[in-house]
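Residue-level structural notes
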Amino acid sequence: MSLIRLTMSNFKRNLRNYMSLVLALAFSVFIFFNFQCVLYSDSMEVLNNYNKDYIDLIVHALSVVFGVFLFFFIWYATNVFLNQRKKEIGIYIFMGLDNKRIGKMYALEALFSGLFSLAAGLAAGVVFSKLFQMVLLRISEISVDIKFSFSLKPVLITACVFMAIYGLMVVKGYVSLVRSSVLDMLSGAKQKEMKAEPAFLTAIKIMLGVSVLGAGYYCAVRTGDIDSLAYALAAVILVIAGTYFIYGGLIPWLIRKLTENKQYLYQKQRNLWVNNLAFRLKRNYRTYAIVTVLMICSVTVLGTSIALKQRYERSEHFRTTYTCQVVTKTEVDADEIQKEIEKENKVKYRSSIPLLSLDPDKLHSKYKSANYAITSESAVKAAAEEAGLPYESGSLGDNECVHLTHIMLMSFVPEDNEPVTIGDQVFQQIAESNVPYLGDLQNGMSVYVVNDTQYKKLQLLGEVLYLYNYKFEDPENLDASVPYLRSLAKEDPDRFVGVNLIRTEDKEGAWVRVMYSLCVFMFATLILACGSIIFIKLNNEAAEDMERYRVLQKIGIQRSTLYKSMKNEIRFTYYCPFVLMVLTSYFSIHAVGTVMKEDLLRINVFSAAAILLLFSIIYLISVRAFRKKVLD
């Protein structure tokens, strides 16, 4: 039989065993391909008016991140595949095949699996590409017509990236087989017992794990000030390192202690699964750590996505508080303007507020701005009452002020309560407020509120302008009133400075909506990858445990007892990383919430619940597959 025919025979016979690997790789190809479709598909050219350059930049960045993830995922999957096949492939030595031919047979078999995964992923990607883009734009709340189109470039890029990574791993496996001895191959899939290590080394690992992970949590809590980037980077590195130390030190130590506690061990089938778990931890602690880190990343990505969405919606609400704003040099009749507007649009509410415009050299604060203004406390209260906005600041003293800010997507700058010098007088800033008293104009100005007495004294420092704000009941009908509004400054430039028109559709911010939509897909990909890694691991262990379970049944241990033991071991595999993820994700989500100025505790709870549900489903599937392989 030729090498090709033998390889094809093995591939067909073992395709069922490869299915978890093939499905995981195909799904990764599917997601990566659809990311490329966003960049290169003709159907996405409709985004040209929606800051497509920013969207392309985001997709490129996420593609790089996903490519790195794909590299390590394929590395792990192919290593498990190689170990699972080593014993069977090693038997061919007794048939007269040398290491090189065995290596070639493995490479061909692995290549068939890779090509099968690539073809399945690309086929699903092409079929569902339009649906993927429709869902992406639907989540992004971008209303455009998507037409199905096929472009060869996403296919070529996806195929090249996948085969480059997968081919590298196949070559790595080939070299490993060529350099392996017969004994290495026949024992390659066997688990090694966890050898006893010196007590002092175990103590060092435990202390390192707890202290490094604790330091990572501390850095995550500190995220939110001016040094946030440094703290965030330190938190990522420390949490990853601490997680590895926890699985390499603390958890094996706890398992060993359980095996030494005979009163605990000899109850409820624990002698079977706890000892078996102890045997496997030495080799598998890296897998547990990888899964935990990926789960933490997935929850953090989802938290970032939801925070971006909430922050963007707040920003949009801030921006669209009013539909149009009229700025004048002198007081005008607001009723007259409203009367003309209501010929085309019904006004829902309105407000007016005077602003003292200052030159930058008249106001000195820690943070510089291009436009400074001052307004009075009574004017802000009146505008807030007219527009139905809250005013939470109490009465201001003569040396106190409130800074009116705007809503930002994220900020590493802490709230500034340092003194502000206006003219020759120093004011203590007692609070910052992002309530949109000035509507969209508040985004481009740095405005300070002082009491009425101080406002009158400071009027000599600048020019008083008057801002008239109107909110339409139907903002979509703004264009009907545009001719009148634009005519104000043209016909009477001595009184009217200009008009600010606020449209409901924010094309400039479309990249933010696409970004948080892509983050949702990244969350789903990472979580499914975690489940796939554990499932592949358990599938490999099932092949190793078949003989052990048969022997245990022959010596008289009941099938139900073995089944319960098997379930307990699989349950630990899924839920141990979940527990550590829940603890760590609290701090990572807290860091994201601090930077994004959002409360994400509910998001943390909901995402953990979603992961728990998904892992429970995969756990049940794993139990069924494991039982079928080792007990049936």
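Residues numbered from 1 in each chain as written. Predicted model: local features only at pLDDT ≥ 70, side-chain atom pairs only at ≥ 80, totals over all residues. Heavy atoms only, no water.

When you go through the protein chain residue by residue, the secondary structure sums to 16 helices and 10 strands. Taking all 632 residues of the protein chain together, the buried fraction comes to 50%. Of all intrachain contacts in the protein chain linking residues separated by at least 6 positions in sequence, the fraction that spans at least 24 positions is 85%. Of the roughly 30000 Å² of accessible surface on the protein chain, 61% is carried by carbon and sulfur atoms. (Helix = DSSP H or I, 4+ residues; strand = E, 2+ residues; numbered from the N terminus. Buried < 20%, exposed > 50% of the residue type's maximum accessible area, 1.4 Å probe, protein only. Contact = heavy atoms within 4.5 Å. Areas by Shrake-Rupley, 256 points an atom, 1.4 Å probe, with all protein chains shown as cover.)

We now examine the packing of aromatic side chains. Here a ring pair, both rings aromatic, is described through the centre-centre distance and the interplanar angle of the planes. Within this structure, the stated rule accounts for 11 aromatic pairs. On the numbers, 5.8 Å between centres and 80 degrees between planes, the contact of Y574 with F615 is edge-to-face. Note that Y574 is positioned in helix α15 (residues 559-596) and F615 in helix α16 (residues 601-630), a separation of 41 residues in sequence. With respect to burial, Y574 and F615 carry one shared label: buried. Here Y586 and F587 contribute two aromatic rings whose centre-to-centre distance is 5.3 Å and whose plane-to-plane angle is 85 degrees, an arrangement assigned as edge-to-face. A residue is classified by how much of its surface remains accessible, and Y586, at 44% relative accessible area, is partly exposed. Ring pairs connect the aromatic residues Y574, Y575, F615 and Y619, which therefore count as one cluster. (Phe/Tyr/Trp six-rings, centres within 6.5 Å; stacked < 30°, edge-to-face > 60°.)

All buried positions along helix α11 (residues 377-387) are accounted for by E377, A379, V380, A383, A384 and A387. Down the axis of α11, the buried set is contained in an arc of 165 degrees. They therefore lie on one face. Against the buried residues of α11 lie β2 (347-358), β4 (372-376), β8 (446-450) and α12 (452-458). G388 occupies a position one or two residues after α11 and carries a positive phi of about 75 degrees. (Arc of directions from axis to C-beta.)

On to the sheet that holds strand β7 (residues 425-433). Strand order in the open sheet formed by 10 strands is β3-β6-β7-β5-β8-β4-β2-β9-β1-β10, with mixed pairing between adjacent strands. With partners counted over all chains shown, the strands left at the sheet margins are β3 (363-364) and β10 (496-501), one partner each. With two bridges connecting them, β3 and strand β6 (residues 420-422) associate as antiparallel partners. Directly across from L363, in β6, lies its bridge partner I422. Where helix α10 (residues 334-341) meets the sheet, it contacts β1 (324-328), β2, β9 (463-472) and β10, and its direction lies at approximately 35 degrees from that of β9. Sheet strands in contact with helix α13 (residues 482-491) are β1 and β10, and its direction is about 150 degrees off that of β10. (Pairing = 2+ DSSP bridges. Axes fitted to C-alpha atoms, helices over the stretch in contact; angles between N-to-C directions.)

So, about α10. For α10, the set of buried residues is A334, I337, Q338 and I341. Take α10 and look down its axis: the buried residues cluster within an arc of 100 degrees, on one side only. The secondary structure elements touched by the buried residues of α10 are β1, β2, β9, α13 and β10. Where α10 starts, the residue carrying a side-chain oxygen 3.0 Å from the main-chain nitrogen of D335 turns out to be D333. (Polar contact = N/O pair within 3.5 Å; in protein donor to acceptor, adjacent residues only side chain to side chain.)

Next up on the list: the confidence of the model for the protein chain. Model confidence for the protein chain is summarised by a mean pLDDT of 79, while 84% of its residues fall at 70 or above. Per-residue pLDDT stays below 50 along residues 189-194; that stretch engages in 17 contacts with residues further than four places along the chain or on separate chains. (pLDDT = per-residue confidence, 0-100.)

Let's shift gears to the packing of helix α14 (residues 510-554) against α16. Running from N to C, α14 and α16 point in directions that differ by 25 degrees, and their axes come no closer than 8 Å. Taken together, α14 and α16 sit at an angle that is classed as roughly parallel. Helix-helix and strand crossings are classified by hand; for α14 and α16 the assignment is right-handed. (Parallel < 35°, antiparallel > 145°, perpendicular 65-115°, else oblique. Left-handed = near helix turned anticlockwise from the far one by under 90°.)

Here the focus is the environment of Q425. If you trace the backbone, Q425 turns up in strand β7. Considered as a pair, Q425 and Q454 are 29 residues apart in the sequence and their alpha carbons are 9.7 Å apart. When sequence neighbours within four positions are dropped, the list of residues in contact with Q425 reads D398, V420 and Q454. In this structure the side chain of Q425 is engaged in a polar contact, spanning 3.3 Å, whose partner is the backbone oxygen of D398.

Quick look at the pattern of salt bridges now. Per the stated rule, a full pass over the model turns up seven salt bridges. Note that R319 and E316 form a salt bridge whose closest N and O atoms lie 3.0 Å from each other. Of the two residues, R319 and E316 are both situated in helix α9 (residues 270-319); the distance of three residues between them amounts to about one turn of the helix. Residue classification places R319 among the buried positions, given a relative accessible area of 16%. (Salt bridge = Lys/Arg side-chain N within 4 Å of Asp/Glu carboxyl O.)

A few words on a nonpolar patch on the surface. There is a patch of nonpolar side chains on the surface, built from F200, L201, I204, M207, L208 and F245 and spanning about 540 Å² of accessible area. Its place among the elements puts F245 in helix α7 (residues 228-260). You can call F245 partly exposed: its relative accessible area is 32%. (Patch = residues over 30% accessible without salt bridge, like charges linked within 9 Å, V, L, I, M, F, W, Y side chains within 5 Å.)

On to the pairing of β4. Within β4, five of the five residues are buried, which leaves it mostly tucked inside the rest of the structure. Burial along β4 is two-sided: Y372, I374 and S376 facing one way and A373 and T375 facing the other are all buried. In the sheet, β2 pairs with β4 via three bridges, with the strands oriented antiparallel. In the sheet register, S357 faces β4, and the bridge partner there is A373. As defined by bridge partners, β4 adjoins β8 across five bridges and the pair is classed as parallel. By the bridge assignment, S376 is partnered in β8 with V450.

Here we take up the pairing of strand β5 (residues 400-404). Among the five residues that make up β5, four are buried, leaving the element largely enclosed by the rest of the structure. Relative to β7, β5 runs parallel, the two sharing five bridges. Counted as the bridge partner of C401 is Q429 from β7. Direction of pairing for β5 relative to β8: antiparallel, over a ladder of three bridges.

For the rest of this paragraph, the subject is the packing of helix α6 (residues 199-222) against α15. Each pair of packed helices gets described by two things: the angle between the helix axes and the distance between those axes. Contact pair α6 / α15: the axes reach a minimum separation of 7 Å and the direction vectors enclose 30 degrees. Between α6 and α15, the crossing angle belongs to the class labelled roughly parallel. For the pair formed by α6 and α15, the contact residues are L213, Y217, A220 and V221 on the first element and L580, L583, T584, F587, H590 and A591 on the second. Looking at the contact of α6 with α15 residue by residue, the classes come out as eight nonpolar, two polar and no charged. (Nonpolar A, V, L, I, M, F, W, Y, C, P; charged D, E, K, R; others polar.)

On to the side chain of S117, then. With respect to the secondary-structure elements, S117 resides in helix α3 (residues 99-140). Within polar-contact distance, the side chain of S117 engages the backbone oxygen of S113 at 2.8 Å.

Moving on, we get to the side chain of S607. If you trace the backbone, S607 turns up in helix α16. Within the structure, S607 has its side chain in polar contact with the backbone oxygen of N604 (distance 2.9 Å). With near-sequence residues (within four places) excluded, S607 lies in contact with V299 and L302.

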